Amino acid sequence: MSDVTVDAYKVGESTNIKWHEGAVDRETRERALGQRGCVLWFTGLSGSGKSTVAYTLEHELFKRGKIAQVLDGDNIRHGLNSNLGFTAEDREENIRRIGEVSKLYADSGMITLVSFISPYKRDRLRVRERVGDRFVEVYMKIPLSVCEDRDPKGLYKAARAGKIKGFTGIDDPYEEPENAEIEMEVAKEDGVLAPPREMAEKIIEYLDKKGFLKA
Ligand SMILES: Nc1ncnc2c1ncn2[C@@H]1O[C@H](COP(=O)(O)OS(=O)(=O)O)[C@@H](OP(=O)(O)O)[C@H]1O
Ligand SMILES: Nc1ncnc2c1ncn2[C@@H]1O[C@H](COP(=O)(O)OP(=O)(O)O)[C@@H](O)[C@H]1O
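Residues numbered from 1 in each chain as written. Chains lettered and ligands numbered in written order. Predicted model: local features only at pLDDT ≥ 70, side-chain atom pairs only at ≥ 80, totals over all residues. Heavy atoms only, no water.

In the annotation of an unreviewed UniProt entry, the protein chain is listed under the name Adenylyl-sulfate kinase and assigned to Ostreococcus tauri. Turning to the protein chain, the UniProt record has this under Sequence similarities (unreviewed entry): "Belongs to the APS kinase family." Recorded in UniProt for the protein chain, the comment headed Catalytic activity (unreviewed entry) runs: "adenosine 5'-phosphosulfate + ATP = 3'-phosphoadenylyl sulfate + ADP + H(+)". (UniProt positions renumbered as here; feature names shortened; annotations may be inferred.)

See the structure below:
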């Protein structure tokens, strides 16, 4: 180690660290699993159906012998990210951390379903760049009025009453994706919203077409 400069081992604030390659690479792992690791990034307002569709998809994939794992904002905020709130800085750190975790999952061959509001374009773009071409953005393009009518946790009501400050869509921003690979929205013809299982099927078709369901 003494012949190596300290700078060569500096990443961010960490010094004297070195990257180790394992003997089993991602492709080998993927062949064993019969699928390709990827990150499906569900973004959208609270109540837009991110968790419902992600968990439905996880189950539908499992029934087809494919292994997926949901990383859900509410759940992750109970543990790994329990020290973060909802300021722009905390949301940024929330997305950075879970972006890194999702990359690790995808590297292990997992079909990784990430369900976070992730309201800022820049934060989502950073994860896209980190993960690369295995990143698939799924935009739950559900109007605020629909989410607010659903209000399963009563949070919109509390936000409208001023009991929650900085609630996304009410008094905090949501920056819509412009080029999401997949969009879920009410049908233009009849204004009907597909049930979660149909949405999951649409995503499975996409994964199949892109070759993620075999290795
Ligand atoms: N101020 C504020 N704004 C938005 N959401 C709030 C807020 N306070 C609490 N909650 C609850 O936290 C859930 C969102 O957490 P996320 O980690 O997905 O948020 S973010 O990506 O960091 O913006 C979100 O869950 P979902 O409804 O599943 O999206 C809410 O239940
Ligand atoms: N496609 C859908 N059609 C009708 N209701 C839905 C659909 N997807 C989700 N929901 C309902 O909307 C509410 C919010 O869904 P949820 O998955 O908790 O949203 P999010 O994770 O984005 O906050 C739940 O009550 C859920 O049953």
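The structure having been displayed, the exposition proceeds.
Peer 1: What am I meant to see in the site of ligand 1 here?
Peer 2: For ligand 1, the set of nearby residues contains 20 residues, the closest of which are Ser 46, Arg 77, Arg 91, Asn 94 and Ser 118. Within the contact set of ligand 1, an oxygen atom lies 3.0 Å away from a side-chain nitrogen or oxygen of Lys 50. The backbone of Ile 117 places a nitrogen or oxygen atom 2.9 Å from an oxygen atom of ligand 1. Burial of ligand 1 by the protein chains amounts to 91% of its free accessible area of 630 Å². One can see that ligand 1 is located within the largest pocket. (Near = heavy atom within 4 Å. Polar contact = N/O pair within 3.5 Å; in protein donor to acceptor, adjacent residues only side chain to side chain. Areas by Shrake-Rupley, 256 points an atom, 1.4 Å probe, with all protein chains shown as cover. 1 Å grid on protein atoms, 1.4 Å probe; cavity = no way out; pocket = protein on both sides within 12 Å on 5 of 7 lines; lining within 4 Å. Sits in = over half its atoms within 2 Å of the grid points.)

Peer 1: Please clarify how the site of ligand 2 should be interpreted in this entry.
Peer 2: The immediate surroundings of ligand 2 are formed by 15 residues, with Gly 47, Lys 50, Ser 51, Thr 52 and Ala 194 found nearest. Leu 45 is positioned with one of its backbone polar atoms (N or O) 3.5 Å from an oxygen atom of ligand 2. With respect to ligand 2, the side chain of Ser 51 contributes an N or O atom lying 2.7 Å from an oxygen atom. Expressed as a share of its isolated accessible area of 560 Å², the protein-covered part of ligand 2 is 72%. Mapped by element, the contributors of at least two residues to the shell around ligand 2 are helix 2 (50–63) and helix 8 (196–209). Sorting elements by how many residues they give to the shell around ligand 2 places helix 2 first, with three residues. (Helix = DSSP H or I, 4+ residues; strand = E, 2+ residues; numbered from the N terminus.)

Peer 1: Before we go on, may I ask you to explain unusual backbone geometry in this structure?
Peer 2: Trans peptide bonds make up the majority, and among non-glycine residues the majority have a negative phi. Phi at Asn 16 is positive, roughly 55 degrees, even though this residue is not glycine. With respect to the helices and strands, the residue Asn 16 is situated in the segment before helix 1 (26–33). Unusually for a residue other than glycine, Ser 118 sits at a positive phi of about 40 degrees. Here Ser 118 shows up in the loop between strand 3 (111–115) and helix 5 (121–131).

Peer 1: Looking at this model, I keep getting lost on the nonpolar core. Mind explaining?
Peer 2: The nonpolar side chains of soluble globular proteins are, as a tendency, buried together. Ranked by internal contacts, the top residues of the largest apolar core, which has 33 residues, are Leu 40, Phe 42, Leu 57, Ile 111, Leu 113, Ile 203 and Leu 207. Of all the secondary structure elements, the ones that give two or more residues to this core are strand 1 (38–43), helix 2, strand 2 (68–72), strand 3, strand 4 (135–140), helix 7 (155–160), strand 5 (182–184) and helix 8. Considering each element in turn, this core owes the most residues, six residues, to helix 8. Those residues within four positions of Ile 111 in sequence are excluded, and the remaining contacts are Gln 35, Arg 36, Cys 38, Leu 40, Leu 61, Lys 66, Ile 67, Ala 68, Gln 69, Leu 207 and Leu 213. (Core = buried A, V, L, I, M, F, W, Y, C linked by side-chain atoms within 4.5 Å. Buried < 20%, exposed > 50% of the residue type's maximum accessible area, 1.4 Å probe, protein only. Contact = heavy atoms within 4.5 Å.)

Peer 1: Looking at this structure, how should I read the sheet that holds strand 3?
Peer 2: Pairing between the strands of a sheet is mediated by backbone hydrogen bonds and can be parallel or antiparallel. A sheet is described by the order of its strands in space; here five strands give the open sequence 2-3-1-4-5, paired in parallel fashion. For this open sheet the edge positions go to strand 2 and strand 5, each flanked by a neighbour on one side alone. In this sheet, neighbouring strand axes are inclined to one another by 20 degrees on average, regardless of whether the strands run parallel or antiparallel. Inspection of the sheet shows strand 4 paired to strand 5 by three bridges, in the parallel sense. Each residue of the ladder has a partner; that of Met 140, found in strand 5, is Met 184. Helix-sheet contacts for helix 4 (residues 88–107) involve strand 1, strand 2 and strand 3, and the interaxial angle to strand 1 is about 145 degrees. (Pairing = 2+ DSSP bridges. Axes fitted to C-alpha atoms, helices over the stretch in contact; angles between N-to-C directions.)

Peer 1: Hey, could you run me through the side chain of Ser 48 in this one?
Peer 2: Looking at the element boundaries, Ser 48 is found in the loop between strand 1 and helix 2. Side-chain polar atoms of Ser 48 contact the backbone oxygen of Leu 45, separated by 2.7 Å. In contact with Ser 48, other than residues within four places in its own chain, are Met 140, Ile 142, Cys 147 and Arg 150.

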